[in-house]
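# Coordinate analysis (summary)
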Amino acid sequence: MRPASRDPNDPWGYLEMNSAKTLGPNRWHRADPRSVFHPDNILISLRKANVIALIDKTTKAIVWKLGPYFAAEPGAQHQRINAHKVPRPLDQISGQHNPHFIADGLPGAGNILVFDNQGGAGYPPAALGIYAGSRVLEIDPATEQIVWQYTAEDSGQPSWTFFSSFVSNAQRLPNGNTLITEGMNGRLFQVTPDGQVVWEYQNPYEGYGVAGEPEVHEPRVPGVDRLSRTSLIYRAQAVPFEWVPVGAPQSAPEPVDRRTAP
């Protein structure tokens, strides 16, 4: 792959590493201590290169990776036959955020959960579908297959109703649901394994910024001549009730029915 020259006006960097974290205790290492999935090894996301890679903390070598190209048919995930059938080989990710091992004790432990933005990225740019839509993918790192996914279609909605071309996150919860941050639109929601939206929050607060910049009076990004109002949320994380001073809620919230919600 021929390297592309770095744009001098790009403040984020050529590859833009947007996450780096250790794997933590996991079933792969317990099954085989010689496995590359050592708890101390570091999983990184190179958002602009469409690469997820694992760095050996001792040798500093890349010992495992996904991307930038895939044997499965690239692009147009939402328009292909069997686009929602799992398990299936991983196809083209683009502009992804926060890949991480699902922690011990959670459903899917040892698999990789990643918010696949399906936003423009790659050298050359990845071929994407006509109708933009993001995905949350759960990937078996041994087989490199998608074993679970969430797209808007899994909630009976058109693909473009769930889309964030940058930022965003996904987190597996103890009850098997997944908390999703649709960051570009300031939307947080929780889905069941079969795609039912059971909790949803739309950030009502707006500020002036550029691609997540804090509120300022002048643009900080070269080439951008004005700021815009945004309810953007970079990433949200659920914490245990015992961390919250007021404790657990007295009653559970009612599930959201998107078919009848105003």
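Quick caveat: nothing in here was measured; it's all calculated off a predicted structure.

### A short note on the confidence of the model for the protein chain
Scored by pLDDT, the protein chain has a mean of 86; 80% of the residues are at 70 or more. This model gives residues 1–5 a pLDDT under 50, and the stretch forms six contacts once residues within four places in sequence are excluded. Across residues 211–215 the pLDDT falls below 50, and counting only partners more than four positions away or on other chains, this stretch makes 11 contacts in the model.

### Thoughts on the pattern of salt bridges
Inspection of every chain in the model, using the stated rule, returns 10 salt bridges. Here Asp 91 ties to Arg 88 by a salt bridge, and the two come within 3.9 Å at their closest N and O atoms. Each member of the pair Asp 91 and Arg 88 is classed as buried. A salt bridge links Glu 138 to Arg 172; the shortest N-O distance between them is 2.9 Å. Here the residue Glu 138 occupies a position in strand β8 (residues 135–140), and Arg 172 occupies one in strand β10 (residues 169–172), the gap between them amounting to 34 residues. The class for Arg 172 is buried, based on a relative accessible area of 6%. Here the salt bridges share partners, and the residues they tie into one network are Arg 88, Asp 91, Asp 116 and Arg 135.

### Let's talk about the pairing of strand β2 (residues 42–46)
Within a regular strand, side chains alternate between the sheet's two faces. Taking burial as the measure, the five residues of β2 include four buried ones, the bulk of the element. With five bridges connecting them, strand β1 (residues 17–22) and β2 associate as antiparallel partners. Residue pairing for β2: Ser 19 is matched across the bridge by Ser 45. Of the strand pairs in this sheet, β2 and strand β3 (residues 51–55) are connected by five bridges, and their pairing is antiparallel.

### Quick word on the sheet that holds strand β9 (residues 145–150)
An order of β5-β9-β8-β7-β6 is seen for the five strands of this open sheet, with the pairing classed as antiparallel. Of all strands in the sheet, those bounded by a partner on one side alone are β5 (88–89) and β6 (97–101). Bridge count for β6 against strand β7 (residues 112–116) is three bridges, and the pairing is antiparallel. In the sheet register, His 97 faces β7, and the bridge partner there is Phe 115.

### Some details on the environment of Pro 124
Within the fold, Pro 124 resides in the loop between β7 and β8. Remark: the alpha-carbon pair of Pro 124 and Ala 49, spanning 75 residues in sequence, is separated by 9.1 Å.

### Thoughts on the packing of aromatic side chains
In total, this model carries eight aromatic pairs according to the counting rule given. Judged by centre distance (6.3 Å) and plane angle (50 degrees), the rings of Trp 28 and Phe 37 are tilted. Note on accessibility: Trp 28 and Phe 37 belong to one class, buried. The interplanar angle of 85 degrees and the centroid separation of 5.6 Å between the aromatic rings of Phe 162 and Phe 189 together place this pair among those described as edge-to-face. Residue Phe 162 is located in the loop between β9 and β10, and its partner Phe 189 is located in strand β12 (residues 187–191); the two are separated by 27 residues in the primary sequence. Here Phe 162 matches Phe 189 in class, with each residue buried. Three or more aromatic residues link up through ring pairs in this structure, and these residues are Trp 28, Phe 37, Trp 64 and Phe 101. Arg 172 extends its terminal NZ or CZ atom over the ring of Trp 148, reaching a point 5.2 Å from the ring centre.

Procedures and definitions
Residues numbered from 1 in each chain as written. Predicted model: local features only at pLDDT ≥ 70, side-chain atom pairs only at ≥ 80, totals over all residues. Heavy atoms only, no water. pLDDT = per-residue confidence, 0-100. Contact = heavy atoms within 4.5 Å. Salt bridge = Lys/Arg side-chain N within 4 Å of Asp/Glu carboxyl O. Buried < 20%, exposed > 50% of the residue type's maximum accessible area, 1.4 Å probe, protein only. Helix = DSSP H or I, 4+ residues; strand = E, 2+ residues; numbered from the N terminus. Pairing = 2+ DSSP bridges. Phe/Tyr/Trp six-rings, centres within 6.5 Å; stacked < 30°, edge-to-face > 60°. Lys NZ or Arg CZ within 6 Å of the ring centre and 35° of its normal.

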